[in-house]
Amino acid sequence: QVQLVESGGGLVQAGGSLRLSCAVSGSIFSINAMGWYRQAPGKQRELVAAIRSTGGTNYADSVKGRFTISRDNAKNTVYLQMYSLKPEDTAVYYCNAVIDLTYYSGSDDYWGQGTQVTVSS
């Protein structure tokens, strides 16, 4: 059974930093894109950053220059380094991975359980 386990959330003051990690476990063939989404109270879930298997990245405009996404393919892990955090970054952050379970299977989306990030002003 595939699981995405997140860690690294917490409470931080504005201007501070946090690093989120998400490790994929279970029997899989390959991981394609990996990414981080967030959902603030009363708002829709939005893409924060994504990284393809080739290393290409894209970011939401609101986090460009402050957040960096990276991945360790040997560890099946994706990271989100967050700098200069703002109160508006407060949300539950979800890890996403597009995974092929076998060579013949199609790609499916998998999600982590979410980790709370709270930025105080």
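Below, the structure is looked at part by part.

**A few points about the sheet that holds strand S8 (residues 77-82)**
(1) Moving on: Taken together, four strands build an open sheet; the order of strands is S1-S3-S8-S7 and the sheet is antiparallel. Looking at the sheet topology across the chains shown, the edges are occupied by strand S1 (3-7) and strand S7 (67-72). In this sheet, adjacent strand axes meet at a mean angle of 15° when their direction is disregarded.
(2) Moving on: In this structure, S1 lies alongside strand S3 (residues 18-25), joined through five bridges in antiparallel fashion.

**Focus on the environment of Val48**
(1) Moving on: When you line up the elements, Val48 lands in strand S5 (residues 46-51).
(2) Moving on: In the structure, Val48 is positioned 66 residues away from Gly114 in sequence and 13 Å away in space, judged by C-alpha atoms.
(3) Moving on: Once residues within four sequence positions are removed from consideration, Val48 is found in contact with Trp36, Tyr37, Arg38, Asn58, Tyr59, Ala60, Val63, Phe67, Leu80 and Tyr93.

**So, unusual backbone geometry**
(1) Moving on: Of note in this structure, Asn76 is not a glycine but carries a positive phi near 50°.
(2) Moving on: Turning to its location among the elements, Asn76 is positioned in the loop between S7 and S8.
(3) Moving on: Residue Asn76 is classed as partly exposed on the basis of its relative accessible area of 25%.
(4) Moving on: Its identity is not glycine, yet Ser84 carries a phi of approximately 45°, on the positive side.
(5) Moving on: Along the chain, the position of Ser84 falls in the loop between S8 and strand S9 (91-100).
(6) Moving on: The partly exposed category is assigned to Ser84, whose relative accessible area is 40%.

Definitions and limits used
Numbering of residues starts from 1 in every chain and runs along the sequence as written. Local features are withheld for residues below a pLDDT of 70 in this predicted model, meaning they are given only at 70 or higher, and side-chain atom pairs are given and counted only at 80 or more; totals for whole chains, interfaces and linings count all residues. Only hydrogens and water are set aside when side-chain values are computed; all heavy atoms of the structure are taken into account. Any two strands with at least two DSSP-identified bridges between them are counted as paired. We count a stretch as a helix when DSSP gives it H or I for four or more residues in a row; a strand needs E for two or more, and each element gets its number in order from the N terminus. Inter-axis angles, ranging from 0 to 180 degrees, are taken between N-to-C directions of lines fitted to C-alpha atoms, where helices are fitted over the stretch in contact. Working rule for contacts: check all heavy atoms of both residues, and any pair within 4.5 Å makes them a contact. For every residue, the accessible area obtained with a 1.4 Å probe (protein chains only) is divided by the maximum for its type, and the residue is called buried under 20%, exposed over 50%, and partly exposed between those limits.

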